[in-house]
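Fold and geometry: a report
The lines below spell out each chain.
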Amino acid sequence: FLLLEEGGILNSARAHLGTHYLRLRPSPSDHLPVPDLKEDRDPEYDPREQDLNEGTLRKKLGSHFDPGFMSVNAPLQLNVSARAPPSPPGAAPADFRRLDLTATPYGARLTLGKKARRKLVQFLWTYTHCPVLYGWKDLGVRFWPRYMKEGTCFSERSCSLPEGMFCKPVKSVTKTFLRWYCQGFLRQKYCTWIPVQYPIISECKCSC
């Protein structure tokens, strides 16, 4: 998903809609997590101190405020390097435990004791498991809340035997943030907070 931002799409839309502002929404994309937005860095387009009243913004965001995925103040662990390493996935699920590990491609069958089979199943589950790693990201002053817990898929190695497949996102959840959006230029501009939906990776799987 990509957040629609100032540019050609919005410029052409303004001519047709003639509204004070547009509700910027994500558009479908194969790219998750969402890439950083490229926008005008001029501080003239940043919200002022009076625009950042926490009580007013909490009321505007309402029930969409999710403290599990958003924070008004900078969390202790903010950058991507602070993401926790993947933890052991726990017991193998039922579909792994039902695997027939005694059959071979050439027709012969292997003999595995219960203990060896249990260890092999757990190894395969651990090796192919694709956890979601969460870390806090600073969205910048033009988003409220400013800090979001972003999910990524573990990708430091292949997740398949033989190698070749990698952990990729397969599901996401959508969280609503407020986005400071301006139209016009300098003194003629009109700025306001608008709701935008931001997709966050919630599940990863081993795939091609």
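Residues numbered from 1 in each chain as written. Predicted model: local features only at pLDDT ≥ 70, side-chain atom pairs only at ≥ 80, totals over all residues. Heavy atoms only, no water.

The name given to the protein chain in an unreviewed UniProt entry is Noggin, and the organism recorded there is Pygocentrus nattereri. Regarding the protein chain, the relevant UniProt record gives this comment under Sequence similarities (unreviewed entry): "Belongs to the noggin family." Checking UniProt for the protein chain, the heading Subunit (unreviewed entry) contains the comment "Homodimer." (UniProt positions renumbered as here; feature names shortened; annotations may be inferred.)

1. Let's talk about the overall build of the protein chain
Looking only at helices and strands, the protein chain has four helices and eight strands in total. Order of helices (α) and strands (β) in the protein chain, N terminus to C terminus: β-α-β-α-β-α-α-β-β-β-β-β. Here the protein chain holds 208 residues, and the buried ones make up 33% of them. When the accessible surface of the protein chain is summed, it comes to about 13400 Å², and 55% of that surface belongs to carbon and sulfur atoms. (Helix = DSSP H or I, 4+ residues; strand = E, 2+ residues; numbered from the N terminus. Buried < 20%, exposed > 50% of the residue type's maximum accessible area, 1.4 Å probe, protein only. Areas by Shrake-Rupley, 256 points an atom, 1.4 Å probe, with all protein chains shown as cover.)

2. Description of the nonpolar core
Judged by nonpolar contacts, the single largest core of 21 residues is most densely connected at Trp144, Phe177 and Tyr198. Of all hydrophobic cores here, the second largest spans seven residues; its members include Cys130, Val132, Cys153 and Cys167. (Core = buried A, V, L, I, M, F, W, Y, C linked by side-chain atoms within 4.5 Å.)

3. A short note on the state of the cysteines
Counted under the stated rule, the structure contains four disulfides. Bridging Cys159 to Cys206, the disulfide has an S-S length of 2.0 Å. Looking along the S-S bond of the Cys159-Cys206 disulfide, the torsion reads about 95 degrees, which is the right-handed sense. Taken together, the positions of Cys159 in the loop between strand 6 (147–153) and strand 7 (166–183) and Cys206 in strand 8 (residues 190–207) put the pair 47 residues apart, joining distant regions of the chain. On the accessibility criterion, Cys159 (1% relative accessible area) is buried. Ordering the disulfide-forming cysteines of the protein chain by sequence position, one finds them joined as 1-4, 2-7, 3-8, 5-6. (Disulfide = S-S within 2.5 Å.)

4. Considering the pairing of strand 6
Within strand 6, six of the seven residues are buried, which leaves it mostly tucked inside the rest of the structure. Pairing of strand 3 (residues 70–71) with strand 6, which is carried by two bridges, proceeds in the antiparallel orientation. The residue bridging Ser71 from the neighbouring strand is Tyr147, located in strand 6. Relative to strand 6, strand 4 (residues 132–138) runs antiparallel, the two being bridged by seven bridges. (Pairing = 2+ DSSP bridges.)

5. Some words on a nonpolar patch on the surface
Together, Leu112, Leu120, Phe123 and Leu161 make up a nonpolar patch on the protein surface, roughly 320 Å² of accessible area in all. Along the chain, Leu161 turns up in the loop between strand 6 and strand 7. (Patch = residues over 30% accessible without salt bridge, like charges linked within 9 Å, V, L, I, M, F, W, Y side chains within 5 Å. Salt bridge = Lys/Arg side-chain N within 4 Å of Asp/Glu carboxyl O.)

6. A short note on the environment of Arg117
Mapped onto the secondary structure, Arg117 falls in helix 4 (residues 114–128). Given the relative accessible area of 25%, Arg117 is considered partly exposed. Residues Arg117 and Thr102, 15 residues apart in the sequence, show an inter-C-alpha distance of 9.2 Å. Other than its neighbours up to four places away in sequence, Arg117 contacts Arg97, Arg98, Leu99, Asp100, Leu101 and Leu112. (Contact = heavy atoms within 4.5 Å.)

7. Quick notes on the sheet that holds strand 7
The strand order across the open sheet formed by three strands is 5-7-8, and the pairing between neighbours is antiparallel. With one partner strand each, in any of the chains shown, strand 5 (143–144) and strand 8 form the two edges of the open sheet. As paired elements, strand 5 and strand 7 share two bridges and run antiparallel to each other. Its bridge partner lying in strand 7, Phe143 is registered against Arg179. Contacting strand 5, strand 7 and strand 8, helix 2 (residues 54–61) crosses the sheet at an angle of about 125 degrees to strand 7. (Axes fitted to C-alpha atoms, helices over the stretch in contact; angles between N-to-C directions.)

8. Some remarks on the packing of aromatic side chains
Two aromatic rings are characterised by how far apart their centres lie and by the angle between their planes. Per the stated rule, a full pass over the model turns up six aromatic pairs. Ring-pair connections join several aromatic residues into one group, and the members of that group are Phe143, Phe177 and Tyr198. Lying across the ring of Phe65, Arg58 places its NZ or CZ 4.1 Å from the centre. If you follow Lys189 out to its NZ or CZ, it ends over the ring of Tyr45, 5.9 Å from the centre. (Phe/Tyr/Trp six-rings, centres within 6.5 Å; stacked < 30°, edge-to-face > 60°. Lys NZ or Arg CZ within 6 Å of the ring centre and 35° of its normal.)

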